[in-house]
Amino acid sequence: MLYGSHDANLVAVEGKFGIKVVARGEKITLEGDREAVGKAADLLRELVMLIKRGSGFDEADFRLALDYAAAGTPSDITKPHIVLSAKKRIIRPKSLGQSLYVDAIRRHDIVFGIGPAGTGKTYLSVAMAVATLKEGEVSKIVLTRPAVEAGESLGFLPGDPNEKVEPYLRPLYDALNDMMPPDRIQRLSEQKTIEVAPLAYMRGRTLSNAFVILDEAQNTTPMQMKMFLTRLGVHSKAVVTGDVTQADLPGNSTSGLVQIQDILSSVEGVRFIYLTERDVMRHRLVKEIIKAYDAYHLKREA
């Protein structure tokens, strides 16, 4: 388990640290730069600890620990990151960026998760909200999105108000359904313990003792962003997620998510986490698509 199929894990350690790894039976010898050897040795000891405890680790865990060790950051893959006992699930970040994101949510009251699709911004924030509610640290979860994208107006859409906004909020419900039984979600929704609503419904409210998530924040205007952030009451956390490259605002409108990075960059208690294609956990081609788009835009700007 430690070495990997055909010693693939040891080969990865060699490549990541630029050292030589020789394994004979249960003895491993590391040769190379002293600092690099020290980091690699610490990594291998941690993995051995997991195996001896019977926990084991999968490829994603190994890659995460490898990234941590190379960055000189203590890894904590020996501990469960997000525990959702309702479905007996343990959700672990699958990349260094995702792990930093989860850690930032734990440590700060306002966190901005900015990055491309597939990096786990929404999923991990909802998981943290559910875990925080379960642990009794908050009494309410509020999930919100700008209800109108691509310049559409709700008044022209068919159905009652709930039917009109449901498609925009569906990704938030999907994340919840992956973490809690549907009947429990319905019961908590009826009790207003979990609320999923369009951003416009937040105006004039004070959200205290709550875990609040603003998703798809690239589609907020500067005034909407200010309105949302000033809703936060005592004993509350806010996580704002978005991809600044996919704003659907009309014309040359400024995205609130773009502007807020300049406004709050030096405010204590606020943390910005930037995820990249390295944190994408969807189909492998999604990473390549994101990289191709980035290269295309850089070429156009040159």
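Above this note sits the structure.
As a convention, each chain's residues are numbered from 1 in the sequence order in which they are written. For this predicted model, a pLDDT threshold of at least 70 governs which residues receive local features, and a threshold of 80 or more governs which side-chain atom pairs are given and counted, while totals over whole chains, interfaces and linings are taken from all residues. Hydrogens are left out, water is left out, and the side-chain values use all remaining heavy atoms of the structure.

Paired through backbone hydrogen bonds, the strands of a sheet run either parallel or antiparallel to each other. Read across the open sheet, the 6 strands follow the order β7-β6-β8-β9-β5-β10; overall the sheet is parallel. Each end of this open sheet is capped by a strand with a single partner; those strands are β7 (194–198) and β10 (270–274). Averaged over all pairs of adjacent strands, the angle between strand axes in this sheet comes to 15 degrees, irrespective of strand direction. Being paired, for any two strands, means DSSP has found at least two bridges between them. The helix count covers DSSP runs of H or I at least four residues long, the strand count covers runs of E at least two residues long, and both are numbered beginning at the N terminus. By the bridge criterion, 5 bridges tie strand β5 (residues 110–114) to strand β9 (residues 237–242) in an arrangement that is parallel. Helix axes are fitted to C-alpha atoms over the stretch in contact, other axes to C-alpha atoms as well, and angles between N-to-C directions run from 0 to 180 degrees.

Counting through the fold element by element, Thr-144 comes out in strand β6 (residues 140–145). Here the term buried applies to any residue with accessible area under 20% of the maximum for its type, exposed to any over 50%, and partly exposed to those in between, with areas from a 1.4 Å probe on protein chains only. Given the relative accessible area of 0%, Thr-144 is considered buried. Two N or O atoms count as a polar contact when they lie within 3.5 Å, although within protein this holds only if one can serve as hydrogen donor and the other as acceptor, and sequence-adjacent residues are included solely when both atoms are side-chain atoms. Side-chain polar atoms of Thr-144 contact the backbone oxygen of Ala-197, separated by 2.8 Å. Of the polar contacts made by the side chain of Thr-144, one reaches the backbone oxygen of Pro-198; its length is 3.4 Å. Leaving out residues up to four positions away in the same chain, Thr-144 has contacts with Leu-172, Ala-197, Pro-198, Leu-199, Met-202, Ile-213, Leu-214, Asp-215 and Phe-228. Every residue pair with non-hydrogen atoms within 4.5 Å of one another is taken to be in contact.

Note on definitions: salt bridges are taken to be side-chain nitrogens of Lys or Arg within 4 Å of carboxyl oxygens of Asp or Glu. Scanning the model with the defined rule gives 10 salt bridges in all. Where Glu-195 meets Lys-140, a salt bridge forms, and the shortest distance between an N and an O atom there is 3.3 Å. Within this pair, whereas Glu-195 is found in strand β7, its partner Lys-140 is found in strand β6, the two being separated by 55 residues in sequence. With a relative accessible area of 19%, Lys-140 lands in the buried category. Between Asp-215 and Arg-145 there is a salt bridge whose closest N-O contact spans 2.8 Å. Of the two residues, Asp-215 is situated in the loop between β8 (210–214) and α8 (222–229) and Arg-145 in strand β6; the sequence distance between them amounts to 70 residues. For the pair Asp-215 and Arg-145, a shared accessibility class is recorded, and that class is buried. What emerges from the salt-bridge pattern is a single network uniting Lys-140, Glu-195 and Arg-205.

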